[in-house]
Each structure stands twice: as structure tokens, then as C-alpha cells.
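# Analysis of the macromolecular model
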Amino acid sequence: MDSGIAAPEREALCHAFTRVVSERGWSGTSPGRVAREAGLAPHEFYDHFRSLEQCYIAVYNRMLVRVTRTVKRSIATRTLTLGPDAWQEQLDALFTGFLSFFSVEPALARTCLVEVLNAGPIARARRDEAIGRFSAFVEGLRLTHGEPMPPLAPELIVLGTTELIHTPVAGGEAERLTDLLPELRQLWSTTVAEHAEPAESEPVPA
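This section reports on the structure supplied with the text. (Residues numbered from 1 in each chain as written. Predicted model: local features only at pLDDT ≥ 70, side-chain atom pairs only at ≥ 80, totals over all residues. Heavy atoms only, no water.)

In terms of regular secondary structure, the protein is built from eight helices and zero strands. The 206 residues of the protein split such that 45% are buried. Of the roughly 10900 Å² of accessible surface on the protein, 55% is carried by carbon and sulfur atoms. (Helix = DSSP H or I, 4+ residues; strand = E, 2+ residues; numbered from the N terminus. Buried < 20%, exposed > 50% of the residue type's maximum accessible area, 1.4 Å probe, protein only. Areas by Shrake-Rupley, 256 points an atom, 1.4 Å probe, with all protein chains shown as cover.)

Set out below in C-alpha cells:
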């Protein structure tokens, strides 16, 4: 199992899994259906994966590698300057890459952003870990560019963004994800403003 000898078949199963889950949902997905979608006999699914959950994690991990690469490329191609607005420029670059990636991968978006909530505790734990990683990435931007965001802001921004994109993806409108950027910018600004340290008041002259 997963020996690397039959890599093309494993790759075909991962792509087929994404198509089946995005079209039928987690509850309508079975190993046999995924295998047939991949052009394989039903029993061949188990030559590569022990369970649907293991296949899901393989697909999810591949997605994380690809989306992380896209996000880093998006940030690297921006000309960013230090200063009070640097965190906004960083977030704009990060989530432009993130939303652009999923807007051209609607099946992967539905599989990994929507159906992950139905795919069992292992998949949900992997999602929580991914959210933690992205929050840490945003935290790194906060610490290295311009004036920092409040400590709680990175995690709240990632969680809020995840919630906002869930509805359009679930509704089959992943291709319109980049249209959410103005709304997301408002979310980021509000989150930072609400959690900023209160400014110290000027001393009253005697």
C-alpha cells in the first residue's frame, strides 16, 4: 500500500476523489465510486488507501502544499513597503493568492473547504491544524513588517476569512472568490481596530 510503484493510479484516485466529493458530497462518496471514477476496479482503491479518510488526508495535504506555494508567490511578487499600512498590504497579497487559487479549482475548494466539515474527526483536525499554520504565517507577517497587528488579530482574521468564503464555495460560486476582497479588507480593518491596544492618553497639564 502506497509503495510508490503505482503512483499514476494513486494520483488518478486523488483526482477522482476530489471530483466525486465535490459533486456528491462526503455522504455520497464511496471507495468503489472513487475507483470507478478513476477508471479502476472498485477493489483497487484499497491497493493505495486504507480508507476514504486516508485518501481525503492525501488530497488535503497536497492542496496545502499547492496553496502555500501560491500564497508565498503572491506575496513575493508584491512591492511592499514598511509602515502603518504594511500589514494590510501583506494580507492583501496573501489572500489574493489564496482566493485566486481556489477560484480556479472549484472542485478542490468544495472538497477541502466545505466537505472537510463532514469528513470525520481526522479531517477536521487536519483543517484545524491548517488554520493554525496560516494564523502563524500571518503572525509572522505581523512581526516583520511595519507596525504590528494586535496579538489576537492574526487568528481571528484567518477564522473570519474562512467563514466568509464558506458560503460562496458551498453555493457553487468559487470562481467569484476574488470578489470578496473588499469585504475581507473591511473584516481585517475591523478586527485590528477592535483588538488594538488603547492609546495612552496625554497627561493633563497641571
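Alright, that's what it looks like, and here's the rest.
Roughly 220 Å³ of internal volume is contained in the largest pocket. Glu11, Cys14, His15, Thr18, Val59, Arg62, Met63, Arg66, Glu105, Ala107 and Leu108 together form the lining of the largest pocket. Of all elements in the fold, only helix 1 (7–24), helix 3 (52–76) and helix 5 (106–114) reach the threshold of two or more residues within the lining of the largest pocket. Here the residues of the lining of the largest pocket are counted per class, giving five nonpolar, two polar and four charged. (1 Å grid on protein atoms, 1.4 Å probe; cavity = no way out; pocket = protein on both sides within 12 Å on 5 of 7 lines; lining within 4 Å. Points joined across faces, edges and corners; volume = space filled by probe spheres on them. Nonpolar A, V, L, I, M, F, W, Y, C, P; charged D, E, K, R; others polar.)

On inspection of all chains with the given rule, the structure shows zero disulfides. Of all cysteine sulfurs in the structure, the one in Cys55 sits closest to Cys14, which takes part in no disulfide; the separation is 4.8 Å. (Disulfide = S-S within 2.5 Å.)

A few words now on the pattern of salt bridges. Counting across every chain of the model gives nine salt bridges. Arg66 is the partner of Glu105 in a salt bridge, and the nearest nitrogen-oxygen pair spans 2.7 Å. Taken together, the residues Glu105 in the loop between helix 4 (86–103) and helix 5 and Arg66 in helix 3 connect sequence positions 39 residues apart. As a salt-bridge pair, Glu129 and Arg126 come within 3.3 Å of each other at their nearest N and O atoms. Placement of both Glu129 and Arg126 in helix 6 (residues 121–144) is noted, with a separation of three residues, approximately one turn of the helix. Note on Arg126: relative accessible area 15%, which makes it buried. Three or more residues joined by partner-sharing salt bridges are found here, namely Glu173, Arg176 and Asp179. (Salt bridge = Lys/Arg side-chain N within 4 Å of Asp/Glu carboxyl O.)

Moving on, we get to the packing of helix 5 against helix 7 (residues 153–170). The contact between helix 5 and helix 7 brings their axes to 10 Å, and the two run at 130°. On the basis of the axis angle, helix 5 is oblique to helix 7. Classified by chirality, the crossing of helix 7 by helix 5 is left-handed. Along its contact with helix 5, which presents Ala109, Arg110, Leu113 and Val114, the element helix 7 presents Ile165, His166, Val169 and Ala170. Of the residues in the contact of helix 5 with helix 7, the class split is six nonpolar, one polar and one charged. (Axes fitted to C-alpha atoms, helices over the stretch in contact; angles between N-to-C directions. Parallel < 35°, antiparallel > 145°, perpendicular 65-115°, else oblique. Left-handed = near helix turned anticlockwise from the far one by under 90°. Contact = heavy atoms within 4.5 Å.)

A few words now on empty space enclosed by the protein. In the structure shown here, the tally under the stated rule is one cavity of 30 Å³ or more. Estimates place the volume of the largest cavity at around 210 Å³. In terms of lining residues, the largest cavity is bounded by 14 residues, among which Phe98, Leu113, Ile131, Phe134 and Thr162 are the most central. Looking at the lining of the largest cavity, the elements with two or more residues in it are helix 3, helix 4, helix 6 and helix 7. Tallied by class, the residues present in the lining of the largest cavity amount to 11 nonpolar, two polar and one charged.

A ring pair, where both rings are aromatic, is described by two values, the distance of the centres and the angle of the planes. Applying the stated criterion across every chain, the model contains 11 aromatic pairs. Ring geometry for Phe45 and Phe49: centres 5.7 Å apart, planes at 40°, overall tilted. Like Phe49, Phe45 is buried. Counting every residue linked through ring pairs, the aromatic cluster contains Phe95, Phe98, Phe101, Phe102, Phe134 and Trp188. (Phe/Tyr/Trp six-rings, centres within 6.5 Å; stacked < 30°, edge-to-face > 60°.)

Judged by nonpolar contacts, the single largest core of 58 residues is most densely connected at Phe17, Met63, Phe98 and Phe102. Among the secondary structure elements, those contributing two or more residues to this core are helix 1, helix 2 (31–37), helix 3, helix 4, helix 5, helix 6, helix 7 and helix 8 (181–195). When sequence neighbours within four positions are dropped, the list of residues in contact with Phe102 reads Met63, Val67, Leu108, Ala109, Leu113, Ala174 and Leu177. (Core = buried A, V, L, I, M, F, W, Y, C linked by side-chain atoms within 4.5 Å.)

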